[in-house]
Structure formats: C-alpha cells, structure tokens
Amino acid sequence: MAERTVDARGSFCPGPLMELIANMKSMQVGDTLELLSTDAGSAKDVPEWVHKVGHEMVDTNQDSEGTFHIRVRKAK
Amino acid sequence: MRILVVGGGMGGTIFANHLARRIHHEMKTGKARITMLSASHEHVYQPGWLYVAMGRATPDELVREQQSLLEPGIEFHVDPVEEFHLAHNHVKCKSGKVHEYDLIVISTGSRPMPENIPGLKENSVNCYTAENAVEYYKQLSEFKGGRIVVTVGLPHKCPMIPLEVTFAMYDFIKDRGLLDKTEFYYTYPIGRVHSLENVAKWAAPEFDAKGIKYETLFNMKEVDGKNAKVISEEGSEVAYDLLVAVPPHKGQEVIEKNGLGENGWIPTNRHSLHMEGEHGKNVIVLGDTTNLPISKAGSTAHFEAETAAENVAAVVKMGRPVKSYDGKVFCFIEAGKDRATYAMFNYQNPPQPKAPTGAVHAFKMAYNKLYWATARGLL
Ligand SMILES: Cc1cc2nc3c(=O)[nH]c(=O)nc-3n(C[C@H](O)[C@H](O)[C@H](O)COP(=O)(O)OP(=O)(O)OC[C@H]3O[C@@H](n4cnc5c(N)ncnc54)[C@H](O)[C@@H]3O)c2cc1C
C-alpha cells in the first residue's frame, strides 16, 4: 500500500480539498494520502467530502507551526 | 552558459524574452546562449478560446508566429523534446537532434483529458482547444432551450473558467431571448461554488439573483450519454440537454514517459522553482507543468517566468540567484459579456475580489490584445 504526501500549504486556489480530490484519482484502493494544509477549513471540509464519497479518514493533527496533517485512505 | 528552454508557450516565452533582455551583453559576447525548443511554430493565446465559444472571437485572431515574438539572439527550433537525460544534461528531440545545456527550463504546459472520464469526451463541449471551442459555439448557437449543465474535472487549468462559462452563457442565452426556456445547472467539486472562498461568496448570490441552480461536492464519475445524464462520485445524477465540461487535465505525456512526474506534473520547489530531487539543481520548472498547489494559469506562468529570468540573469552575472517566488497569481474573472472582476493572491494572502464592473471588463478586453506585449516580456 503506497503513501503519498500532498503539500497544499498556502494554497487558496485550487486549495487543499481540490488538491486532495485530484490526487485521490490516481491512487489505488488502500493507499493513504497525507494532506498538509494551513487552512483551518480543511479540518472540516476534507472529512465532509471523504465521508460523502465513502473513503476513510485515518487521522488529523495540527503541528506546532499550525499546519494540519490530514490522513485519508482510498476505500473505493 | 547554455540555457535551454523547452516549451514556447506563456511560461517559456516570457522567461526567454525577459532573460534575453537582461543578458543581452553576455549573449553578444558568447558568454550565454538561449535556445528554445517547442512543439509548434505557433503561439496561441488560450484565454481567447472562451470568446470563441461565445462567438465573440475566431481562432486565427489568437495566434502569432512564435519566432516573431522572440528577442533577437534566441535560437528557436520547432522540434519537440522526446527524451530528457537530466543526469547527462541533454535532451533528444523528435528529429533525433541532441541539445546539451547547463540549465534547462521546462514549461511544456498541460493538456485537457476529457477521455479520462467515461462518456465525457463524446457527450460534452468545452473551450480547451480551438477546435472544441468552435464546436462549443456551434452547439450553443443551435441550442433551443433546455438544461445546460456545467461539470468540472480536477485538476484543470484556468480556475475561473467554470464561473466564466456559466456567466457568459447566461448572457448569450439572454440575448437570444431563450432565458425562460433554459435552466442553468452549475456543479463544482468542493462544498462551495469556487475554490477561492471570497470568490465563492461573491458568485453564489450572483447565481441566486440570476436563477442559476448549483450543486456542490459534485465530482464527475461518468457521463451516461444514452440517457443524457452525468453521474457524480458522490452518488448524484444530473440530466442535461447541453453538457459543458471543464475537463480534468494532465501534464504532457513526454514528462510522464521520462519519469519526471506522475501525471506529467513535475515536483517543483515552491520558492526557487527548481525541480525537486537528485537532478533538479539545474532544472527550472514553470507554468502548468509544476506540481505546485497554485492555479494553473497564464498569470502564474508569467510571474514565475519573471522571477526565474531575474534569477538566471543574476546567476549568469554574479553566480547567485536573487529572488524567491511568492506564489503570486492574478486572474481576471469575466462575469458575463460586459462586466468583470479579478482575484490577486499569493501563498500568504487570499484574494479580496470586488464587485464586477464594466471598467475591469474593458481592461480584460484590452489585455487580450496587449497579451502579445506580455509574451515579448515588455509588460
Ligand atoms: C479557455 C482558457 C482560458 C484561459 N484563461 C486564462 C486567463 O484568463 N488567465 C490566465 O492567467 N490563464 C488563463 N488560461 C490558462 C493559460 O493559458 C495557461 O495556464 C498557460 O498557457 C500556461 O502556460 P505554460 O507555459 O505552462 O503552457 P502553454 O502556454 O500551454 O505552453 C506549452 C508549450 O509547450 C510546448 N510543448 C509541448 N510539448 C512539448 C515538447 N515535448 N517539447 C517542446 N515543447 C513542447 C507547446 O507547443 C507550447 O508551446 C486559460 C486557458 C484556457 C484553455
């Protein structure tokens, strides 16, 4: 199972969620993706999309510099 | 220093011209040389295709001979690169010719891939090539009423196109007296009508005022042409009479084939614009082909190219770069046929778009002509 990191810090357009969606397309089922985001909105809108489509949230943390690390697994 | 520019589009051309002007003395004395390789003898102003689709421009107005845009002294060949040998500082072209370099700049752009969504290519129109824009205009001008659906794939170049085609079609249909027979249905991948929050805050009420319906969190999975409906990954279905697509994009095949980056996007340092990894030290990447999390837009290519040209000139003259790219992007947003606004932002600061005005639209129309001065590195 592969893991990848998508660095979407400082991204307003296309923004972290669009970066995540675009990347998920080229992943295999079971692969995980770690999204780095400086946008607090990502901690809410990523899980919303992930649940709606049926992928899995792995975990979300915020580091000491304020960056969110959001891990998602492709489930379908 | 031998500088090789691969790609004669927005990024490559603006870079080469800016640099040539800065190192014109070094080029004369043979201390520096700029060679450009492109896949075409033409330079196309792609933003013009939006107007072609609306019957407000023709494709030939948007094209210039690439050679005519280049500063004297830049050596130009129409010979697409097929092999990148970054470890050995050379590329091999379609003709078989090998070009060696000390520094390579890659700006090969991106390509629409409607074929990546089942059913999309055969059942939709888009303005992402000259041919498609003409077909779009044909279908739009033959449209007699019904439901127009806008559907958006990821990633795509020009982030404003989803909104721009919607507003432009609204005015087009209104002018033809077909508004009461037409329903507009806009879909968008994330939970608001545009990726830029402040643009979404402005656009959603504009949609409401015009009666344009929208569905967010909608990512195309497939198009069922037989039943004329588009199906989303999120599980909804939308029927259409005319399907307008913003197709998903990839970088060029040659980038993927040479293992420079998945899907043709080259991993790029967000500040230095060098390719990441072992052989990236003398590789600069510009425009759509970077994997940076910023808009794939001409203005991005332009600001990156200016930064890179200043840096390379400084390296030629004093051995060190002088600038860091701050993520600057400036996008006009056409809000119909006679009003526009714009969004300007960088890695640190989100845009604060203002209400659209006729004056900004007039400026965009002027810019469409002035673009050729930008390509020459004058503006
Ligand atoms: C409908 C539409 C509207 C747009 N509107 C706007 C707008 O309003 N504002 C904005 O900022 N941007 C806009 N854009 C986006 C903008 O046109 C692109 O982002 C920009 O052209 C990217 O520049 P680039 O140098 O990366 O690639 P391009 O300009 O696409 O140039 C790529 C170049 O690489 C060459 N090439 C390809 N393969 C090879 C090879 N193997 N070897 C050598 N050369 C090669 C090609 O021939 C071409 O010359 C729009 C685009 C479209 C389609």
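Before reading on, note that the structure itself is shown above.
These remarks concern the structure in this document.

Here is what the cut-offs are and how they apply
Residues numbered from 1 in each chain as written. Chains lettered and ligands numbered in written order. Predicted model: local features only at pLDDT ≥ 70, side-chain atom pairs only at ≥ 80, totals over all residues. Heavy atoms only, no water. Salt bridge = Lys/Arg side-chain N within 4 Å of Asp/Glu carboxyl O. Helix = DSSP H or I, 4+ residues; strand = E, 2+ residues; numbered from the N terminus. Contact = heavy atoms within 4.5 Å. Buried area = accessible area lost by both parts, 1.4 Å probe. Polar contact = N/O pair within 3.5 Å; in protein donor to acceptor, adjacent residues only side chain to side chain. Nonpolar A, V, L, I, M, F, W, Y, C, P; charged D, E, K, R; others polar. Pairing = 2+ DSSP bridges. Axes fitted to C-alpha atoms, helices over the stretch in contact; angles between N-to-C directions. Buried < 20%, exposed > 50% of the residue type's maximum accessible area, 1.4 Å probe, protein only. Right-handed = clockwise from strand over helix to strand, strands pointing away. Disulfide = S-S within 2.5 Å. Phe/Tyr/Trp six-rings, centres within 6.5 Å; stacked < 30°, edge-to-face > 60°. Near = heavy atom within 4 Å. Areas by Shrake-Rupley, 256 points an atom, 1.4 Å probe, with all protein chains shown as cover. Parallel < 35°, antiparallel > 145°, perpendicular 65-115°, else oblique. Left-handed = near helix turned anticlockwise from the far one by under 90°.

The subject of this paragraph is the pattern of salt bridges. Applying the stated criterion across every chain, the model contains 21 salt bridges over all chains. We note a salt bridge from Lys25(A) to Glu233(B), for which the minimum N-O separation is 3.9 Å. Taken as a pair, Lys25(A) in helix H1 (residues 16-25) and Glu233(B) in the loop between strand S15 (229-232) and strand S16 (237-239) lie in two separate chains rather than in one. Arg2(B) is the partner of Glu100(B) in a salt bridge, and the nearest nitrogen-oxygen pair spans 3.4 Å. Residue Glu100(B) is found in strand S8 (residues 98-100), and its partner Arg2(B) is found in strand S1 (residues 2-6); the two are separated by 98 residues along the sequence. By sharing partners, the salt bridges in this structure join Glu3(A), Asp59(A) and Arg71(A) into a single network.

Take the interface of chain A and chain B next. Tallying the contact residues gives 21 residues for chain A and 26 residues for chain B. For the pair chain A and chain B, the two sides together bury roughly 2100 Å², of which 59% comes from carbon and sulfur. Broken down residue by residue, the surface that chain A buries against chain B is led by Phe12(A), Cys13(A) and Met18(A), which jointly contribute 34%. A salt bridge links Asp7(A) to Arg270(B), with the shortest nitrogen-to-oxygen separation between them at 3.2 Å. There are seven residue pairs in polar contact (both at pLDDT 80 or more) connecting chain A and chain B. For the side of chain A that touches chain B, the leading source of residues is H1(A), giving six residues. Each residue belonging to the side of chain A that touches chain B can be placed in one class, and the counts come to 10 nonpolar, three polar and eight charged.

Residues and elements named next belong to chain B. The sheet built from four strands is open, its strands ordered S13-S12-S11-S17 with parallel pairing. In this open sheet, the two edge strands, each paired with only one partner strand, are strand S13 (213-216) and strand S17 (242-246). Taken pair by pair, the neighbouring strands of this sheet meet at an average axis angle of 15°, ignoring direction. Bridging between strand S12 (residues 182-188) and S13 involves four bridges; their strand directions are parallel. Residue pairing across strands places tyrosine 185 opposite lysine 213, the latter belonging to S13.

All names here are of chain B. In space, the three strands of this open sheet follow the order S6-S7-S8, with antiparallel pairing throughout. Two strands lie at the open edges of the sheet, namely strand S6 (81-85) and S8, each paired on one side alone. Ignoring which end each strand starts from, the neighbouring axes of this sheet average 20° apart.

Here we take up the pairing of strand S2 (residues 32-37) of chain A. Residue and element names in this part refer to chain A. Burial within S2 is extensive, with six of its six residues counted as buried. Neither face of S2 is open: one carries Thr32, Glu34 and Leu36, the other Leu33, Leu35 and Ser37, and all of them are buried. Here five bridges tie strand S1 (residues 3-7) to S2, and the two strands are oriented parallel to one another. Considered in S2, the bridge of threonine 5 is made with glutamate 34. Each parallel crossover has a hand, and the one from S1 via H1 to S2 is right-handed. In the sheet, S2 pairs with strand S4 (residues 68-73) via six bridges, with the strands oriented antiparallel. Each bridged residue has a counterpart across the sheet, and for leucine 36 the counterpart in S4 is histidine 69.

Glancing now at the state of the cysteines. Scanning the entire structure with this criterion turns up zero disulfides over all chains. Not part of a disulfide, Cys13(A) finds its nearest cysteine sulfur in Cys331(B), a span of 6.7 Å. With no disulfide of its own, Cys158(B) lies closest to Cys331(B) among cysteine sulfurs, the gap being 6.0 Å. Of the residues examined, Cys158(B) reaches a relative accessible area of 26% and is grouped as partly exposed.

On to the packing of aromatic side chains, then. All names here are of chain B. Applying the stated criterion across every chain, the model contains 14 aromatic pairs over all chains. Between tyrosine 186 and tyrosine 188, the aromatic rings sit 6.0 Å apart at their centres with planes inclined by 10°, giving stacked as the arrangement. One exposure class covers both tyrosine 186 and tyrosine 188, and it is buried. When the centroid spacing of 5.8 Å and the interplanar angle of 55° are considered together, the rings of phenylalanine 332 and phenylalanine 363 count as tilted.

Residues and elements named next belong to chain B. In the region of the ligand, 32 residues are neighbours, and Gly11, Ser107, Asp288, Gly298 and Ser299 sit closest. Measuring from an oxygen atom of the ligand, one finds a side-chain N or O atom of serine 107 at 2.9 Å. Within the side chain of lysine 364, one N or O atom sits 3.0 Å away from an oxygen atom of the ligand. When the free accessible area of the ligand is taken as 1000 Å², the share hidden by the protein chains comes to 91%. When contributions to the shell around the ligand are tallied by element, the ones reaching two or more residues are helix H1 (10-22), strand S2 (33-38) and helix H10 (298-318). Considering each element in turn, the shell around the ligand owes the most residues, three residues, to H10. For the shell around the ligand, the per-class residue count stands at 15 nonpolar, 13 polar and four charged.

Residue and element names in this part refer to chain B. Interhelical geometry of helix H7 (residues 161-175) versus helix H8 (residues 197-210) gives an angle of 25° and a closest axis separation of 12 Å. Considering the angle they form, H7 stands roughly parallel to H8. In this structure, the crossing between H7 and H8 has a hand that is left-handed. Contacts from Leu163, Thr166, Phe167 and Tyr170 of H7 reach H8 at Val199, Trp202, Ala203, Glu206, Phe207 and Lys210. For the contact of H7 with H8, a count of residues per class yields seven nonpolar, one polar and two charged.

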